[in-house]
Amino acid sequence: MSRSKPTTDLKPYFQTLEDLEGPFNWNNFFGNDNPVVLDVGAGRGLFLFNSSGANPDKNYLGLEIDYREGRRAATRLLKADRPNARVLGGDARIAFDKFIPESSISEVHVYFPDPWWKKRHHKRRIFTDVFVRQVTTALKQGGELHFWTDVEEYFERVKNLMDHASQFAHRDAPEEKRPEHEMDFQTSFERKKRNEGWKIHRGLWELL
Ligand SMILES: C[S@@+](CC[C@H](N)C(=O)[O-])C[C@H]1O[C@@H](n2cnc3c(N)ncnc32)[C@H](O)[C@@H]1O
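Residues numbered from 1 in each chain as written. Predicted model: local features only at pLDDT ≥ 70, side-chain atom pairs only at ≥ 80, totals over all residues. Heavy atoms only, no water.

Draft legend 1. Looking closely at the sheet that holds strand 6 (residues 139-149). Reading across from one edge, 1-4-3-2-5-6-8-7 is the order of the eight strands in this open sheet, with mixed pairing throughout. With partners counted over all chains shown, the strands left at the sheet margins are strand 1 (14-16) and strand 7 (168-171), one partner each. Between one strand and the next, the sheet's axes are offset by a mean angle of 20°, whatever the strand orientation. The sheet strands contacting helix 2 (residues 46-54) are strand 2 (36-40), strand 3 (59-64), strand 4 (85-89) and strand 5 (105-111), and the helix crosses strand 3 at an angle near 175°. Contacts from helix 6 (residues 152-163) reach strand 6, strand 7 and strand 8 (201-207) within the one sheet, and its direction differs from that of strand 8 by about 15°. (Pairing = 2+ DSSP bridges. Helix = DSSP H or I, 4+ residues; strand = E, 2+ residues; numbered from the N terminus. Axes fitted to C-alpha atoms, helices over the stretch in contact; angles between N-to-C directions. Contact = heavy atoms within 4.5 Å.)

Below, the structure is given as C-alpha cells:
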C-alpha cells in the first residue's frame, strides 16, 4: 500500500485526511447542497467515475486508504472534469469518526472490501458492528447502504450484522445485468470477478 504524499496538482480531486479538518461542511466541500454519496474503499474509482457522470445532481466522495489507488481514481475524475466527485486518501473508519457529519449522507456504497481471508484477520475487515454504527450515524433517514462481495461467507456475516441492526430495512438489490461495455461494470472488482466467473452477492438496506 502506498502512503506517499499526494501530488498537489490533483487538488481538489484528491486530498488526504491529514490535509483537512473535520467535521466537513458539505456545502463548502462541494460548493452546493446536493445529496452526498460515499464509496468506501473506492479503489481505481470506476463507480465514482460512472456514477458522477450519470448523476450530476449528486456529490460523490471516495474514501481510499491506498493513496496510489486514490490518486489514480482522482486523475480519472480530473481528466473528465467532474466537479461533483472527489477522493479522500485515508482510513474510512477515521473519516466516519471525525469528518462526516451526522445524518448528512444519502448513500454509502461498499464494493468488494478486502476479505482478510484468515479467521484471525477477520477483525481487520471494514464491515464490522462498529462500521454499522458509523454508517447508521452518517446516513440520513431513508439513506441507503449498498454492499457487494464475491465472498459468500463475508456476505452472510454482513447479512447477519444487518439483521440485528433494527434501524435498517432490507431492500431488494437492483437486478443483475451484464454491461455491454467493459467500462460499464459497477466497479473494477465487479468486472474482474464476473469475468473470472464468480457469483456476486449484493445487499441493499435502507435506514428507517
Ligand atoms: C478489493 S479493493 C475494491 C476496490 C473497489 N471498491 C472495487 O470494487 O473495484 C478494496 C479497496 O478498499 C481499500 N481499503 C481497505 N481498507 C480501507 C479503509 N479502512 N479505508 C479506506 N479504504 C480501504 C483498499 O485499499 C482497496 O482499494
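Draft legend 2. Representation of the environment of Leu78 within the structure. Within the element layout of this structure, Leu78 appears in helix 3 (residues 67-79). Judged by relative accessible area, Leu78 falls into the partly exposed class, the value being 36%. With residues up to four places along the chain from it excluded, the contact list for Leu78 reads Asp9, Leu10 and Tyr13. (Buried < 20%, exposed > 50% of the residue type's maximum accessible area, 1.4 Å probe, protein only.)

Draft legend 3. Summary view of the UniProt feature "binding site: substrate" (unreviewed entry) in the chain. UniProt feature "binding site: substrate" (unreviewed entry): in the numbering of this structure it lies at Lys118, Asp150, Thr187, Ser188, Phe189 and Glu190. The greatest C-alpha distance among the annotated residues, which extend across 73 residues, is 24.6 Å, indicating that they are dispersed rather than converging on a single site. Considering only the annotated residues already named, the ones lining the largest pocket are Asp150, Thr187, Ser188 and Phe189. One can find Asp150 in the loop between strand 6 and helix 6. Discounting chain neighbours no more than four positions away, the residues touching Asp150 are Phe112, Lys193, Trp198, Lys199, Ile200 and His201. Of note is the side chain of Asp150, whose polar atom sits 3.5 Å from the side chain of Lys193. Glu190 sits in the buried class, given a relative accessible area of 5%. With residues up to four places along the chain from it excluded, the contact list for Glu190 reads Phe112, Trp148 and Phe185. (UniProt positions renumbered as here; feature names shortened; annotations may be inferred. 1 Å grid on protein atoms, 1.4 Å probe; cavity = no way out; pocket = protein on both sides within 12 Å on 5 of 7 lines; lining within 4 Å. Polar contact = N/O pair within 3.5 Å; in protein donor to acceptor, adjacent residues only side chain to side chain.)

Draft legend 4. Representation of the pattern of salt bridges within the structure. Enumeration according to the criterion identifies 12 salt bridges in this entry. In this structure, Glu69 and Arg72 form a salt bridge, with 2.9 Å as the shortest nitrogen-oxygen distance. Highlighted residues: Glu69 and Arg72, both in helix 3, separated by three residues, approximately one helical turn. Three or more residues are tied together by salt bridges with common partners; here these are Glu176, Glu190, Arg194 and Arg202. (Salt bridge = Lys/Arg side-chain N within 4 Å of Asp/Glu carboxyl O.)

Draft legend 5. Structural detail: the UniProt feature "binding site: S-adenosyl-L-methionine" (unreviewed entry) in the chain. Within the UniProt annotation, "binding site: S-adenosyl-L-methionine" (unreviewed entry) is assigned to Asp39, Glu64, Asp91 and Asp114. For the residues just named, distributed over 76 residues, the greatest C-alpha separation is only 14.0 Å, placing them together at one site. In this structure, the largest pocket is lined, among the annotated residues mentioned, by Asp39, Glu64, Asp91 and Asp114. Its place among the elements puts Glu64 in strand 3. Those residues in contact with Glu64 that sit more than four places away from it in its chain are Gly41, Ala42, Gly43, Glu69, Gly70, Val87, Leu88, Gly89 and Gly90. Mapped onto the fold, Asp114 is located in the loop between strand 5 and helix 5 (129-138). Apart from the residues within four sequence positions on either side, Asp114 is in contact with Arg125 and Tyr154.

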